[in-house]
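# Fold and geometry: a report
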Amino acid sequence: MSNRRKYARSAPGSIVLMLMLMLLFGLPVPIPAAPEPLASFLDRHCFECHDDTTKKGGLDLTAGWPDPATPDGFTRWLKIHDRVESGEMPPPKSKNRPDPAETAPFLAALARDLTAAEAARLDAANRTGLRRLTRAEYENTVRDLFDLPGLAVQNGLPADGSAHGFDKNSDALDISHVNLARYVEAADRTLDLAIATQPEPPTRQTVRLSLAGNYEPNIMLMQGDAVLLRDRAHDPVFPPAGKHAHINQGAHEQLGIFKRGSSVGVFRHEDESWNAYFRKFAALYPGRYRVRASLWSLWWEKGKILPARGVEAARLSVVQFNENGRGGQHPSYVLGYYDAPSLEPRVHEMEVWLNQKETIGFNTASLAPVVLYRVGTWGQVDRTMGFTGPCIVSDWLDIEGPLHVVWPPNSHRLLFGELPIREFRPADQPGVTPPRRRPLKQEIVSTDNKPEPLVGIWTVHSAAPDADLRQLLGTFLPRAFRRPVAAGVVEEYVALAKSRLEAGDSFEAAMRYACRAALCSPDFLYHVEPAGSLDGSGVAARLSYFLWNSMPDGELTALAAEDRLRDPTVRRAQVERLLKDPKAQRFIEDFLGQWLKLRAIAANDPDKKLYPEFSPYLQDSMVAETRAYFRELIERDLGAAYLVKSDFAMLNEKLAVHYGIPGVSGPAIRRVDLPPGSPRGGFLTQAALLKITANGTTTSPVPRGAFVMERLLGQKPEPPPPNVPAVEPDVQGTTTIRELLDKHRADAACAGCHAKIDPPGFALESFDVIGGQRDRYRALEKGDPAPRGSIDPKIGISFKLGPPVDASGQLPDGRTFVGIAEFQDHLSAEPQRLLANLARQFTIYATGRDLSFADRAALRDIVERAEARGGGIRTLIHEVVQSDLFLTR
Amino acid sequence: MTPSFRIRFPAGFALAALWLTSFGIPSAAEQTETYRVVGFSHPEREEDFRQALATLPGIVLVGLDLAAAEVTLRFDPEQLVSGAKPGQPVAPEKILEELDKRLGQASVRTFTLTPRSPVPNADLATESIPVGLLDCKGCRYGVYLAVARLEGVVRASVSSETGLLTVWFDPKKTARPALEEALKKARVESPAN
């Protein structure tokens, strides 16, 4: 029985009348006293500090018993429950601490009331609200549905909100006319790509591209920031500039000097003013392409080509041109960082999906991100021939494709099965409007690749349109909707298509019309789950959207149809299969992007004066480390203590140098055993998280502490009280953040929360805004000269070393630490707490809803079962999937 | 002019003449004309010119005088110029325009045909300007371009051996200061640093 009903029944009519009158005249309404055994416990242990005179922390418990059925009352009593349960209250120093025998009935009674209040508020059968696909889910779903793995539609959809830490919650997934308009566009774009419009596949061609001959690299060659090479020596036709600068770029281009297929050695890192793109190619036919690149490196010693300082890293990315290519371009995504070994070209091969107008970009990732080279420009003595430094060489880049294993492609077959593609002849189909075709043109002006001529309009042919529509839609709709579809629903879509046929559309256009409607329907856009226990399709969808962030594949769908996903053994096997599949990387990226806020990695750029060594390569390496580490935890089923402390790290050379760990060469991320005493490895000290929790200029223990509490320990700090000014950092080097915070904490209103929030942040003061370990703060004005350390010699240093870092602190329970190592020891000693939080995060992510007070028992059960099986992260995922929380809507 | 220029030219011309007599007499409609060529910045450009011309059907190289930067070509005007009427003469400027267009396309506009200079060789002035030892073909061509199209300049040549740009020009129309100014505008370092 809810408290609300309890009070209603116990209140005589006269009291109700009096209360109504008091409300009417604006008089204070007395709140009923707490029922037993709560009242006596509060009286004995709480009123001393929380009565109407002391009101510690602004809390007066003698003022009455706010109804737990109200949101405010529920929140207040929940807080009291949790503080007492954790032992935080009554405070440890209190003379009148209750013993467990006294606390237990208090907590049990309070839990009963809270559970009852919650049960009345929540719809037990539909805990997960009806929620639409997130942007990422939408894109992955259409990619998998149509077998178009590089289809890019996500950026065209409005951004999703976030609730309870993730964008998968129905609270965050609102929908508006803007969404609907964009869904129509996305469906059209998908169908444009999915439908084959020619009888044979486009010819597979291989083009060999050189960096030379492209607009930006030509400028770099003329300026001397790059050189032409042949057979690992100077290209005699275009020798490096020495006494004389090269003049008249146009004259060189007219003579074809940059089009001879020479290798290009680049001395300069990309920046706002220059990027190197292979502009002679821009994809015309979206699809899979095989890309091969020959890369190596050298050390340039005033014109001499010597062995490189190690394995350099070259970045290749996919770049999309705007308009006709003159208006600019933007990197779509990084393909990867590739070894450029010393003096030995290495050919890297990868399969890439290219959309229209996309090409490949190149960057000398491991070179210093500075613009001080300009070795060939005017006024520099001996120009390139006088320069000494590292150089990364691109011999050539081959693009082969489009690669079609079958024709028509799978995307087309999903829609039209085995119907033949024939030329549309108006005479054969009087009164039928031919399907619309936009002539394929190469719009990018700098390119050499052109479309193949295609004569006529080619489209699918159906001899029995009604039967074909019924059969094709009967196959398509269940795949698109991720569950069985009733015959009546199929008939509705068939009727839609037939209406277009009757209006004179071609079979292709009619089918497209029906499919577009399906892709814009709630059945496709929403996770449609039955109330209560999930059926087979519901479990299949939860599994695949949890671990692939996408729709179920054929095997899951078949198991759902046979109703075998209720079998725990089958579910276990499926979790193993899904986690081993490359698509599990989507889960890792999406989950970490939100749980650890990796999506915000580029939210700020570190100050260039304070952190001149920062580069995009370092940032991408940070993200790669965190993802690889999480994958390692899952694959090896490592325990929760590894979240904060580890004896290994996932590093490449860039990060290893950043962390001061020797013996790592090249850009590939790999498992590295850490030297004794190294604080690296766990999430807590990974550069990505340290950057995300800083502001680009300074660090503050407050946001970092709050991040650790909320994301790793599962204790969301209270929001700051209103009208409290933020603590402004001092980059001049006069005052440390700890000194500033000490003043802040002198305010009693702030001290309580900061005693909990600040300690993790204090421990992390050993790390700067880009995750480098430090003993002293960097400052711009006052301080001592800074040693170069591992910073590239080409990078100028202007920052100074300011006050020393104090990374010591005290946890709320009284345990102290002098630095990060002891803090890690404290946290890793509580693996259950870490595991419980991760279980909570997994469950919220997988079910699309927040966990209620009543779910705590189920969550505890998940954690206990995981612990009983070793407490590994993969085991935890299994236990989440086996739980009622996961299997119930 | 470099010594190799002087030696190579007469031999090339003689060979071309021999080729002509060996392989036939021009048809009645064919015409042979000599033009000035802009683009011979240095001796290695002869090969570029020959390669470009070899891609043009119906235009035969009769003679090439690198020293004078002149070429003699044989062609059928009726075949060359679209719209030409059979048996009727084609205007010389139309022929030159078409030949220049085709040669320009074949050489990425690095060679241009113009009418022969009306100024006799004996009346031309010569200036040699130090431009440095340019070992880059593109830069030699760039230096050449800086002066080649100036009014009064008949021909020019850049030597990577002497580091000199030599210019032959009509002294009534231009002079050394104008040449130096043009080089400065083109960012050619003179004297070399």
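Scoring rules and cut-offs
Residues numbered from 1 in each chain as written. Chains lettered and ligands numbered in written order. Predicted model: local features only at pLDDT ≥ 70, side-chain atom pairs only at ≥ 80, totals over all residues. Helix = DSSP H or I, 4+ residues; strand = E, 2+ residues; numbered from the N terminus. Rg over C-alpha atoms; globule rule 2.2 N^0.38 Å. Buried ≥ 20, exposed ≤ 12 C-beta atoms within 10 Å, placed from the backbone. Contact = placed C-beta atoms within 7 Å. Domains from an automatic or database assignment. Nonpolar A, V, L, I, M, F, W, Y, C, P; charged D, E, K, R; others polar. Pairing = 2+ DSSP bridges. Axes fitted to C-alpha atoms, helices over the stretch in contact; angles between N-to-C directions. Expected span 1.5 Å × (residues − 1). Arc of directions from axis to C-beta. Core = buried A, V, L, I, M, F, W, Y, C linked by C-beta atoms within 7 Å. pLDDT = per-residue confidence, 0-100. Left-handed = near helix turned anticlockwise from the far one by under 90°.

Moving on, we get to the overall build of chain A. Summing up its helical and strand segments, chain A has 29 helices and 23 strands in all. Its C-alpha atoms give chain A a radius of gyration of 32 Å, near enough to 29 Å, the size a compact globule of 889 residues would have. For chain A, the spread of C-alpha atoms along the three principal axes comes to 100 × 80 × 55 Å. Taking all 889 residues of chain A together, 43% fall into the buried category. Sequence-distant contacts in chain A: of pairs separated by 6 or more residues, those separated by 24 or more amount to 76%.

This part takes up the overall build of chain B. Across its full length, chain B holds 6 helices and 7 strands. Along the chain direction, N to C, the helices and strands of chain B fall in the order α-β-α-β-β-α-α-β-β-α-β-β-α. Of all 193 residues assigned to chain B, the portion counted as buried reaches 30%. Pairs at least 24 residues apart make up 66% of the contacts formed inside chain B by residues separated by at least 6 positions.

Residue and element names in this part refer to chain B. On domain assignment, one finds that chain B holds domain 1 (3–114) and domain 2 (121–185). Tallying the contact residues gives 5 residues for domain 1 and 11 residues for domain 2. The residue makeup of the side of domain 1 that touches domain 2, split by class, is 2 nonpolar, 2 polar and 1 charged.

Below, the discussion takes up unusual backbone geometry. All names here are of chain A. Of note, the bond from glycine 401 into proline 402 is cis; its omega dihedral lies within 30 degrees of zero at 0 degrees. Residue position: proline 402 is located in strand E13 (residues 388–403). Between tryptophan 407 and proline 408 the backbone carries a cis peptide bond, its omega angle lying at -5 degrees. Note that proline 408 resides in the loop between E13 and helix H10 (410–416).

Residues and elements named next belong to chain A. On the basis of which strands lie adjacent, the open sheet formed by 3 strands has the order E19-E21-E20 and antiparallel pairing. Edge positions in the sheet fall to strand E19 (776–779) and strand E20 (784–785), since each has one partner strand and no second. Judged from the 2 bridges that link them, E20 and strand E21 (residues 800–804) form a sheet pairing that is antiparallel. Among the inter-strand pairings, proline 785 is bridged to a residue of E21, identified as lysine 800.

In this section: the sheet that holds strand E3 (residues 70–75) of chain B. Each strand in a sheet pairs with another by means of backbone hydrogen bonds, the pair being arranged parallel or else antiparallel. All names here are of chain B. Taking strand neighbours across the sheet as the criterion, the 4 strands line up as E2-E3-E1-E4 in an open arrangement whose pairing is antiparallel. Two strands in the sheet have a free side with no partner beyond their single neighbour: strand E2 (59–65) and strand E4 (112–114). On average, adjacent strands in this sheet sit at an angle of 40 degrees to one another, irrespective of strand direction. Two strands pair when backbone bridges link them, and E2 and E3 are joined in this way by 6 bridges, in the antiparallel orientation. Its bridge partner lying in E3, leucine 64 is registered against valine 71. Sitting on the sheet, helix H4 (residues 92–106) touches strand E1 (31–38), E2, E3 and E4, and the angle it makes with E4 is about 165 degrees.

The next subject is the domain arrangement of chain A. All names here are of chain A. Once the domains are mapped, chain A shows domain 1 (32–121), domain 2 (205–403), domain 3 (595–829) and domain 4 (832–887). Computed over C-alpha atoms only, the centres of domain 2 and domain 3 are separated by 35 Å. Listed per partner, the contact involves 15 residues of domain 2 and 10 residues of domain 3. Listed by contribution, the elements that provide at least two residues to the side of domain 2 that touches domain 3 are strand E9 (312–321) and strand E10 (329–340). Top contributing element to the side of domain 2 that touches domain 3 by residue count: E10, with 4 residues. Class assignment for the residues of the side of domain 2 that touches domain 3 results in 10 nonpolar, 3 polar and 2 charged.

Listed by partner, the interface residues are 20 residues for chain B and 14 residues for chain A. For the side of chain B that touches chain A, the residue count by class is 10 nonpolar, 5 polar and 5 charged.

Two faces, one strand: in a regular strand the side chains alternate between the faces of the sheet. Residue and element names in this part refer to chain A. Going residue by residue along strand E5 (residues 263–266), you find Ser263 and Gly265 tucked away on one face and Val264 and Val266 tucked away on the opposite face as well. In the sheet, strand E3 (residues 226–230) pairs with E5 via 4 bridges, with the strands oriented antiparallel. The residue bridging leucine 228 from the neighbouring strand is valine 264, located in E5. In this structure, E5 lies alongside E13, joined through 3 bridges in antiparallel fashion.

Our focus in this paragraph is helix H11 (residues 465–481) of chain A. Residue and element names in this part refer to chain A. Spanning 17 residues, H11 covers 23 Å between terminal C-alpha atoms, matching the ideal 24 Å at 1.5 Å per step. Of the positions making up H11, those classed as buried are Asp468, Leu469, Leu472, Leu473, Phe476, Leu477 and Ala480. In the core, the buried residues of H11 are packed alongside helix H6 (135–146), H10, helix H12 (487–502), helix H13 (507–519) and helix H14 (522–525). One or two positions beyond H11, positive phi appears at arginine 482, with a value near 65 degrees.

Quick look at H12(A) now. Residues and elements named next belong to chain A. Across its 16 residues, H12 extends 22 Å between first and last C-alpha, which sits within 8% of the 22 Å expected from 1.5 Å per residue. Residues of H12 that are buried include every one of Val490, Tyr493, Val494 and Ala497, and no others. Looking straight down H12, one finds its buried side chains confined to an arc of 105 degrees; they lie on one side. Turned more than 90 degrees from where H12 packs its buried face, Gly488, Ala495 and Glu502 sit exposed. Looking at the buried positions of H12, the neighbouring elements they touch are H11 and H13. Glycine 504 sits one or two residues past H12 and shows a positive phi near 105 degrees.

This part takes up the environment of A:Arg572. Relative to the assigned elements, A:Arg572 resides in helix H17 (residues 568–580). Linking A:Arg572 and A:Gln882, residues 310 residues apart in sequence, is a C-alpha distance of 8.0 Å.

Counting residues in each nonpolar core, the largest one holds 196 residues, and the members touching the most others are A:Ala314, A:Leu835, A:Ala839, A:Leu876, A:Val880, B:Val143 and B:Val147. Contact partners of A:Leu876, with chain neighbours within four places excluded, come to A:Leu835, A:Leu838, A:Ala839, A:Phe842 and A:Ala866.

Interpretation of this model should avoid reading the predicted coordinates in detail wherever pLDDT is low. In this model, chain A carries a mean pLDDT of 90, and residues with pLDDT of at least 70 account for 92%. Per-residue pLDDT stays below 50 along residues 1–19 of chain A; that stretch engages in 17 contacts with residues further than four places along the chain or on separate chains.

To continue, consider the confidence of the model for chain B. Chain-level pLDDT for chain B is 85 on average; 83% of the residues reach the 70-or-more range. Contacts for the low-pLDDT stretch residues 1–26 of chain B, under 50 throughout, to residues beyond four places or in other chains number 25 contacts.

Take the environment of A:Ala233 next. All names here are of chain A. Tracing the backbone shows alanine 233 in strand E4 (residues 233–234). Note on alanine 233: 9 C-beta atoms within 10 Å, which makes it exposed. Separated by 70 residues in the primary sequence, alanine 233 and glycine 303 place their C-alpha atoms 9.5 Å from one another.

What follows is about the packing of helix H18 (residues 584–595) of chain A against helix H19 (residues 616–635) of chain A. Residues and elements named next belong to chain A. Interhelical geometry of H18 versus H19 gives an angle of 115 degrees and a closest axis separation of 10 Å. Considering the relative orientation of H18 and H19, their crossing is right-handed. Seen from H18, the contacting residues are Ile588, Glu589 and Leu592; seen from H19, they are Thr626, Arg627, Phe630 and Arg631. Across the contact of H18 with H19, the residue classes break down as 3 nonpolar, 1 polar and 3 charged.

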